[in-house]
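The primary structure of each chain is shown beneath.
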Amino acid sequence: MARSMPTPTGGSMYVPPPRAAAAAEYAAGGKTGPAYQRQTWDALRRSITGHVNKATAANIRHVLPELLAENLVRGRGLLCRALLRSQVACPAFTDVFAAVAAVVNSKIPDVGRILLVRLVIRLRRGHATGDKPQLAAAARFVAHLVNQGVAHELLALELLEMLLAEPTDDGVEVAVGFVAECGAALSEGCPRAVDAVFDRLRSILVDGGVDKRVGFLIEGVFAVRRARFRGHPPVRPELDLVEQDDQFTHQVEISLQLDPETHLDVFTPSATFLQDETAYDDLKRSILGDDGHDDYDEYDAESECEDGDDEDMDVTIKDETETNLIGLRRTIYLTIMSSAGAEEAGHKLLSIVRPGQEAELCAMIVECCKQERASKTRFYGQLGQRLCRVGRAYQAGFEACFARCYAAAHRMGTDELRAAAGLFAQLLAADAVPWGGVLGGVRVTEEDTTSSSRIFIKTLFQEMAEQLGVRVLGRRMNGDDPVVRDALFPRDSAKNARFAIDFFTAIGLEGVTLNLPGSSCCLKVIHPLLLHPHEISV
């Protein structure tokens, strides 16, 4: 029941029953009672979760001392749970969370062991149930732990064997991503095993038992291997925080029965609470020192001093002649011109282009297409479709190329306009690029178009009508995507709506305007204007 506590003024203050009960329990037990232990447990859980969530590659050297200042022996289960949850929520920061786990594992090896056991259990569960997101997240975390030296290479090879023994689309896709992440580290530790893995991937690609998109992913990882995993370093310099001799490497087998020790995630009163806290204080002083700073801060200070001493001696040379870029463009052009078909050209180009050069490849394909006759745009369209199926970076590259071509339509000749429009028409008709990302920047109004851009739009939609048919094209233009619908048929004013309908009528695509969403009364007002196509110039 509620109690009244005295105040300094001589009155009384109401105390809620739960708080009164907790105060009574604390008064009876002091710092060894369950109530106080529960309060410190909750504070420890919030602190560990906060430190893990705010860790980035830029501030990890400052977050680690604060994290190690907490009782991680008592909260080792909480730390593993926080790392797993944060990694699933932010897969892009997996290498950062692996670096945090590596540093803590070098001081408290039990943390790395528990984390690996829980990851292996997630891997088995995701593989058995077909849960691709869980499987991919756990595999990516294991890959970076292998790079950091926390997990043994045998665990990586067992995982690849499990994924490729009976290949499925999801399993092979996860395996390809796993090899790309930790392939460099595996090539140094066990090159023969890596050769066997790529032989297995090659046999899967030859058999053709997986989806075409997965086949392109396999070709992509072969290209990464030929480049010696350039662009996929095992550990970034800012995350290389533990010396190899100081790291504890754990060997966990997938086939064994494992205990995740989930009881460490919940509060349990301890009879030796004060002794445990004192023991960790001693361990903390040995890790961080008496001043509460570890070796990482000293390393930063030494690095800053060395940089200051050598500041006058360092000279940065930047090549402004773009020699490498010109050489890349020449190689791409010669490869395209010497290829007999789109499949051959795509295979060669994927082995040439490095990560980060996708946009330049897309731009070169568009430029080569503009210099060809309109009859050869089919070759470039098939080449663009193949590249777009490989990854999102190529789709983004063609989206940027379309925006540049449409904005510079007044600077292009008629033949160039028709060739470029034919290329993008094939990509849109095959759904190789998203309609909203490409057509979202087009607005069919009198003010937003010029004579050149109208020729470009005219050729684009006439080509798509030949490939899809007017009826299917009309459904796509008037579909559920508001970005495409509002760009092609603006509804902000009657003038713009009349212009858009008159434009498509004038170029012979009146059928795409018949299924415009809206009330019948609106259609009655607009459709009579179809009889005046002379108001626009195409």
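Remember, it's a predicted structure, so these values are computed and weren't measured experimentally.

How each quantity is defined
Residues numbered from 1 in each chain as written. Predicted model: local features only at pLDDT ≥ 70, side-chain atom pairs only at ≥ 80, totals over all residues. Heavy atoms only, no water. Helix = DSSP H or I, 4+ residues; strand = E, 2+ residues; numbered from the N terminus. Areas by Shrake-Rupley, 256 points an atom, 1.4 Å probe, with all protein chains shown as cover. Core = buried A, V, L, I, M, F, W, Y, C linked by side-chain atoms within 4.5 Å. Buried < 20%, exposed > 50% of the residue type's maximum accessible area, 1.4 Å probe, protein only. Contact = heavy atoms within 4.5 Å. Salt bridge = Lys/Arg side-chain N within 4 Å of Asp/Glu carboxyl O. Axes fitted to C-alpha atoms, helices over the stretch in contact; angles between N-to-C directions. Parallel < 35°, antiparallel > 145°, perpendicular 65-115°, else oblique. Nonpolar A, V, L, I, M, F, W, Y, C, P; charged D, E, K, R; others polar. Phe/Tyr/Trp six-rings, centres within 6.5 Å; stacked < 30°, edge-to-face > 60°. Lys NZ or Arg CZ within 6 Å of the ring centre and 35° of its normal. Patch = residues over 30% accessible without salt bridge, like charges linked within 9 Å, V, L, I, M, F, W, Y side chains within 5 Å. Expected span 1.5 Å × (residues − 1). Polar contact = N/O pair within 3.5 Å; in protein donor to acceptor, adjacent residues only side chain to side chain. Left-handed = near helix turned anticlockwise from the far one by under 90°. pLDDT = per-residue confidence, 0-100.

**Quick notes on the overall build of the protein chain**
Next, step 1: On a plain count of helices and strands, the protein chain comes out with 25 helices and two strands.
Next, step 2: Roughly 27,400 Å² of accessible area belongs to the protein chain as shown, and the carbon and sulfur atoms make up 52% of that amount.

**Considering the nonpolar core**
Next, step 1: By size, the foremost hydrophobic cluster in this structure holds 87 residues, and its most contacted members are Leu145 and Leu201.
Next, step 2: Sorting elements by how many residues they give to this core places helix 9 (residues 169–189) first, with 10 residues.
Next, step 3: Not counting the four nearest positions on each side in its chain, Leu201 is found in contact with Leu164, Val172, Val176, Ile218, Val221 and Phe222.
Next, step 4: Residues Phe216, Leu349, Leu427 and Ala500 belong to the second largest nonpolar core, which totals 65 residues.

**Focus on the side chain of Asn71**
Next, step 1: Note that Asn71 resides in the loop between helix 3 (60–68) and helix 4 (76–89).
Next, step 2: Note on Asn71: relative accessible area 9%, which makes it buried.
Next, step 3: Excluding its chain neighbours within four sequence positions, the residues that come into contact with Asn71 are Leu44, Asp276, Glu277 and Tyr280.

**Re helix 3**
Next, step 1: In terms of burial, helix 3 is a largely internal element, seven of the nine residues being buried.
Next, step 2: All of the buried residues along helix 3 are Ile60, Arg61, Val63, Leu64, Pro65, Leu67 and Leu68.

**Quick word on unusual backbone geometry**
Next, step 1: The phi dihedral of Arg228 falls on the positive side, at around 60°, and the residue is not glycine.
Next, step 2: Here Arg228 is to be found in the loop between helix 11 (212–226) and helix 12 (273–288).
Next, step 3: One non-glycine residue with positive phi stands out, namely Phe229, at about 60°.
Next, step 4: Owing to a relative accessible area of 7%, Phe229 belongs among the buried residues under this scheme.

**Some words on the pattern of salt bridges**
Next, step 1: Applying the stated criterion to the full structure yields 26 salt bridges.
Next, step 2: Note that Asp195 is salt-bridged to Arg225, the shortest N-O span being 2.3 Å. In this pair, Asp195 is assigned in helix 10 (residues 191–207) and Arg225 in helix 11, connecting sequence segments 30 residues apart.
Next, step 3: Using a relative accessible area of 34% as the deciding quantity, one classes Asp195 as partly exposed.
Next, step 4: Of the residues examined, Arg225 reaches a relative accessible area of 27% and is grouped as partly exposed.
Next, step 5: Each of Arg76, Asp110, Arg113 and Glu261 takes part in a single network of salt bridges with overlapping partners.

**Notes on the environment of Leu460**
Next, step 1: Summarising the element assignment, Leu460 is placed in helix 21 (residues 451–468).
Next, step 2: Of the residues examined, Leu460 reaches a relative accessible area of 1% and is grouped as buried.
Next, step 3: Along the chain, Leu460 and Ala421 lie 39 residues apart, while their C-alpha atoms are 4.8 Å from each other.
Next, step 4: When residues no more than four places from it in sequence are discounted, the contact partners of Leu460 are Phe402, Ala421, Phe424, Ala425, Leu428 and Leu439.

**Observations concerning the packing of helix 17 (residues 377–390) against helix 18 (residues 392–407)**
Next, step 1: At their nearest, the axes of helix 17 and helix 18 sit 5 Å apart, and the two run at 130° to each other. What the angle tells us is that helix 17 and helix 18 run oblique. Taking contact as the criterion, the partners of Gly384, Leu387, Cys388 and Val390 in helix 17 are, on helix 18, Tyr394, Gln395 and Phe398.
Next, step 2: Looking at the contact of helix 17 with helix 18 residue by residue, the classes come out as five nonpolar, two polar and no charged.

**What about the packing of aromatic side chains?**
Next, step 1: Counted under the stated rule, the structure contains 11 aromatic pairs.
Next, step 2: Considering the side-chain rings of Phe402 and Tyr406, the 6.4 Å spacing of their centres and the 0° angle between planes classify their relative orientation as stacked. Of this pair, Phe402 and Tyr406 both sit in helix 18, separated by four residues, roughly a single helical turn.
Next, step 3: Look at Tyr406 and you get buried, because its relative accessible area is 14%.
Next, step 4: Through a chain of ring-to-ring contacts, the aromatic side chains of Phe402, Tyr406, Phe424 and Phe456 assemble into a single cluster.
Next, step 5: Above the face of the Phe198 ring, Arg225 is positioned so that its terminal group lies 4.3 Å from the ring centre.
Next, step 6: Directly above the ring of Trp435 sits Arg476, whose terminal nitrogen or CZ lies 4.3 Å from the centroid.

**Some remarks on a nonpolar patch on the surface**
Next, step 1: A contiguous nonpolar surface patch, about 290 Å² in accessible area, is contributed by Tyr333, Leu334 and Met337.
Next, step 2: You can see Tyr333 is positioned in helix 14 (residues 323–337).

**Topic: helix 11**
Next, step 1: Relative to the 21 Å expected for 15 residues at 1.5 Å per residue, helix 11 spans 21 Å between its end C-alpha atoms, a close match to the ideal helical length.
Next, step 2: Taken together, the buried positions of helix 11 are occupied by Val214, Gly215, Phe216, Ile218, Glu219, Val221, Phe222, Ala223 and Val224.
Next, step 3: Taken together, the buried residues of helix 11 touch helix 9, helix 10, helix 15 (342–352) and helix 17.
Next, step 4: The N-cap residue of helix 11 is Asp211: its side-chain oxygen and the backbone nitrogen of Arg213 are 3.0 Å apart.
Next, step 5: Positive backbone phi, approximately 60°, marks Arg228, located one or two places after helix 11.

**What to know about the packing of helix 4 against helix 7 (residues 132–148)**
Next, step 1: Running from N to C, helix 4 and helix 7 point in directions that differ by 115°, and their axes come no closer than 10 Å. The crossing of helix 4 and helix 7 is right-handed. Each of Leu83, Leu84, Gln87 and Val88 in helix 4 lies in contact with helix 7, whose residues at this interface are Ala137, Arg140 and Phe141.
Next, step 2: Residue composition of the contact of helix 4 with helix 7, by class: five nonpolar, one polar and one charged.

**As for the environment of Phe216**
Next, step 1: Position of Phe216 relative to the elements: it lies in helix 11.
Next, step 2: Remark: the alpha-carbon pair of Phe216 and Arg386, spanning 170 residues in sequence, is separated by 8.4 Å.
Next, step 3: Among residues more than four places away in sequence, those in contact with Phe216 are Arg386, Arg389 and Val390.

**Observations regarding the confidence of the model for the protein chain**
Next, step 1: When pLDDT is averaged along the protein chain, the result is 82; 83% of the residues meet or exceed 70.
Next, step 2: Across residues 6–10, where pLDDT falls below 50, the model places four contacts with residues more than four positions away in sequence or in other chains.
Next, step 3: Note on residues 301–306: pLDDT under 50 across the span, and zero contacts to partners over four residues away in sequence or across chains.

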